[in-house]
Amino acid sequence: MGTPVSGKIPKRPAYYVWVGVFFLIVAGTATALYYATLKIDYVWRWYRIPQYFVFKEKVEVRAQIQGTVHRITTQNDQAVIEVKEGQASETYRVPKEALLVAEGDFIYPGDVLGSYARWRAGILMQGLWLTLKVSVIAIVFGVLIGLFGGLARISENPAFKWLAITYIELIRGSPLLVQIFIWYFVLGTLINTILAKQGIVQIPPLWFGVAALACFAGAYVAEIVRAGIQSIHRGQTEASRSLGMTYVQSMLHVILPQAVRRILPPLAGQFISLIKDSSLLGIIAIRELTKATREVVTTSLQPFELWFLCALLYLFLTFTLSMLLQYLERRHLVT
Amino acid sequence: MIDVRHVYKTFRIPHVVRALVDVSLKVEQGEVVVVIGPSGSGKSTLLRCLNHLETADSGHIFIDGIDILDRKTDINKVRAEVGMVFQSFNLFPHKTVLENVTLAQIVVRKRTKAVAVEKAMALLEKVGIREKANVHPDQLSGGQQQRVAIARALAMDPKIMLFDEPTSALDPEMIGEVLDVMKTLAREGMTMVVVTHEMGFAREVADRVIFMDEGAIVEEGTPEHFFKTPEHDRTKLFLSQIL
Ligand SMILES: Nc1ncnc2c1ncn2[C@@H]1O[C@H](COP(=O)(O)OP(=O)(O)OP(=O)(O)O)[C@@H](O)[C@H]1O
Ligand SMILES: [Mg+2]
């Protein structure tokens, strides 16, 4: 047998046949779906979708008082219009190009002094942004909770250990949806009622949603952290402690840096779950991506495009995150 | 330097093992004591009790006059003065050789990086692997790793060095290089407690040899006494098996 020169093993013809089969099945499924929608007279209108991301809003600056345009000066790109009537005077600002009046014009209340269009983020963009924000905050707190939860879980102190076990088992043993309800309807009501009695401002639902997600993720992260730390040979702890390091020093300089390498891959999976789970927050009036999509569907009546798009947007978020973590992992392995 | 008085240690998990039974032992400054005995006789347990990696159940252990079983003792301070070398090296795999030797100096002794590096390089020179300072431990042979581990312990300027079978995990051709480093240390006057099966080392550098069996010290004496005129039957049996 001849030894292959390059590292790649040459593929047999059958291999390419099966590659073809793969693409055929994918394309076939898409086409079948498309024809099925035509059968029920669904009209695809992708062109209607972008407006839910960004749209142009028309802004009109109107005079509040009656009088003459006394003076127009320019500051940077803005025109400053001074309207005067006797002692009363008001100033308005509009972009230079949008100016519709000249010095000396007589103005009635409600007259348009300038009009221009500006880009605004649509409801889907806002939803995407909120999903990202909620996920990032929940991930940060989830990691913190999980780190301390994991350390408590392997602690020899029964108070810490049993608290950690109770927390982890409670969270892992009940549905996230129920936990969100408890955070919002039980804890939320309790906290906000007490705050109201003290005359302090209420906490918006967003934060109960974030808390639910963070606590949920924290329990799983705690188990990941525990497994990661326990996978490091105890000789490492013994060596560092025998040199006089404290528990904290040994953890920080010896155990955790090694554990992080083993923790990162399962942690990435947990983060991705968290982003997807944030779609449940719609039920407590947080307008994240899924709820935003549902609202757009009711106004636009284009459910097919929108739900596919919604899924793609989640895919975009999770894919970006897993790329980011893979990069971190690789960089960490090199150093 | 080391004063062990009537120490007992029993493991209860997974089953009850009396690992140390009424062990008393004195080691003077600059003395080299070699501990021998069959597997499971409690040699490692004794050594690990000396720096509190295991907690003795009862008795007293004084290290340089400090009672380490006293709850008020800051054990980290004592450990910084007692170096330990393990059978399995236990180098930090995520750090380079140099970082292995500087880490505790910086973190525990609060030395500056420059001082720590200088000290580390001198010690790596001493154990003969200066040129490997910037590689990771997994690129070293077992013998080299163990010499780094010795340098790591020495970097703390310990008053006592504990060795738990430092050559048992090594290929035969590498045992010599590690023993040579230990012999140099002994000659320089380091106080050492060494658990080993290297009888040549015991004969050459030990001031005293201790034979343990079933958690107790059975016989104690000079190497001369041990290898020529052992008293107890168990000692004779053990020596006949090992020599
Ligand atoms: N952490 C532990 N938990 C339970 N039992 C232990 C533990 N450490 C040691 N033992 C037991 O205590 C006894 C003494 O063990 P030790 O490791 O001190 O023996 P040793 O003389 O060092 O043996 P070896 O030559 O095999 O290293 C053994 O029976 C061992 O099984
Ligand atoms: Mg042992």
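Residues numbered from 1 in each chain as written. Chains lettered and ligands numbered in written order. Predicted model: local features only at pLDDT ≥ 70, side-chain atom pairs only at ≥ 80, totals over all residues. Heavy atoms only, no water.

Asks: I tried to follow the overall build of chain A on my own but got confused; where do I start?
Replies: Counting its secondary structure elements, chain A contains nine helices and six strands. The C-alpha atoms of chain A give a radius of gyration of 30 Å, which is well past the 20 Å a tight globule of 335 residues would have. When the backbone C-alpha atoms are referred to their principal axes, chain A occupies close to 90 × 65 × 45 Å. A buried classification covers 38% of the 335 residues belonging to chain A. Nonlocal contacts in chain A, meaning residues at least 24 apart in sequence, comprise 68% of its contacts between residues at least 6 apart. Counting every atom, chain A has about 20,200 Å² of accessible surface; 66% of that belongs to carbon and sulfur. If the 31 positive side-chain charges of chain A are averaged to one point and the 20 negative ones to another, these points end up 13 Å apart. (Helix = DSSP H or I, 4+ residues; strand = E, 2+ residues; numbered from the N terminus. Rg over C-alpha atoms; globule rule 2.2 N^0.38 Å. Buried < 20%, exposed > 50% of the residue type's maximum accessible area, 1.4 Å probe, protein only. Contact = heavy atoms within 4.5 Å. Areas by Shrake-Rupley, 256 points an atom, 1.4 Å probe, with all protein chains shown as cover. Lys, Arg positive; Asp, Glu negative; His and termini not counted. Charge placed at Lys NZ, Arg CZ, Asp CG, Glu CD.)

Asks: Whenever I open this one, the overall build of chain B confuses me. Can you help?
Replies: A count of helical and extended segments in chain B gives nine helices and 10 strands. Whereas a compact globule of 243 residues would reach a radius of gyration of roughly 18 Å, chain B reaches 18 Å, a difference of no more than 12%. Each principal axis of the C-alpha atoms in chain B carries an extent, and together these give about 55 × 45 × 35 Å. Relative to its full complement of 243 residues, chain B shows a buried share of 57%. For chain B, long-range pairs separated by at least 24 residues make up 64% of all intrachain contacts whose partners lie at least 6 apart in sequence.

Asks: Sorry, what's going on with the sheet that holds strand β2 (residues 17-27) of chain B here?
Replies: Hydrogen bonds along the backbone pair up the strands of a sheet, which may run parallel or antiparallel. Residue and element names in this part refer to chain B. Across the sheet, which stays open at both edges, the four strands sit in the order β2-β1-β4-β5 with antiparallel pairing between neighbours. Taken across any chain shown, the strands that pair with only one partner, and hence form the sheet edges, are β2 and β5 (66-67). As defined by bridge partners, strand β4 (residues 58-63) adjoins β5 across two bridges and the pair is classed as antiparallel. The residue of β5 that forms the bridge with F62 is D67. Running over the sheet, helix α1 (residues 43-50) touches β1 (2-11), β2 and β4 and is turned about 60° from β2. (Pairing = 2+ DSSP bridges. Axes fitted to C-alpha atoms, helices over the stretch in contact; angles between N-to-C directions.)

Asks: What am I meant to see in the site of ligand 1 here?
Replies: All names here are of chain B. Taken together, 13 residues form the shell around ligand 1, and within it S39, G40, K43, S44 and T45 come nearest. Within the side chain of S39, a nitrogen or oxygen atom sits 2.6 Å from an oxygen atom of ligand 1. Residue G42 places a main-chain N or O atom 3.1 Å away from an oxygen atom belonging to ligand 1. Notes on ligand 1: free accessible area 630 Å², of which the protein chains cover 67%. Where the shell around ligand 1 is concerned, the elements lending two or more residues are β2 and α1. Top element by residues in the shell around ligand 1 is α1. It accounts for three residues. Looking at side-chain class alone, the shell around ligand 1 contains five nonpolar, six polar and two charged residues. (Near = heavy atom within 4 Å. Polar contact = N/O pair within 3.5 Å; in protein donor to acceptor, adjacent residues only side chain to side chain. Nonpolar A, V, L, I, M, F, W, Y, C, P; charged D, E, K, R; others polar.)

Asks: Can you walk me through the domain arrangement of chain A in this structure?
Replies: Accessible area lost when the parts come together is the quantity often used to give the size of an interface. We note that the domain assignment places domain 1 (58-121) and domain 2 (123-334) within chain A. Centre-to-centre, using C-alpha coordinates, domain 1 of chain A lies 50 Å away from domain 2 of chain A. (Domains from an automatic or database assignment.)

Asks: Sorry if this is basic, but what is going on with the environment of T246(A) here?
Replies: Mapping T246(A) onto the fold places it in the loop between α6 (234-242) and α7 (247-277). The partly exposed category is assigned to T246(A), whose relative accessible area is 28%. If we ignore the near neighbours within four places in the chain, the residues touching T246(A) are R241(A) and N76(B).

Asks: Hey, could you run me through the sheet that holds strand β3 (residues 78-85) of chain A in this one?
Replies: The four strands are arranged β4-β3-β2-β5 (chain A) in an open sheet whose pairing can be described as antiparallel. Two strands in the sheet have a free side with no partner beyond their single neighbour: β4 (88-95) and β5 (106-107) of chain A.

Asks: Whenever I open this one, the interface of chain A and chain B confuses me. Can you help?
Replies: Listed per partner, the contact involves 18 residues of chain A and 23 residues of chain B. Looking at the side of chain A facing chain B, the largest losses of area belong to E238(A), S242(A) and L243(A), adding up to 33% of the total buried there. Put simply, chain A and chain B have one salt bridge between them. Here R48(B) and E238(A) are joined by a salt bridge, their closest N and O atoms 2.8 Å apart. (Buried area = accessible area lost by both parts, 1.4 Å probe. Salt bridge = Lys/Arg side-chain N within 4 Å of Asp/Glu carboxyl O.)

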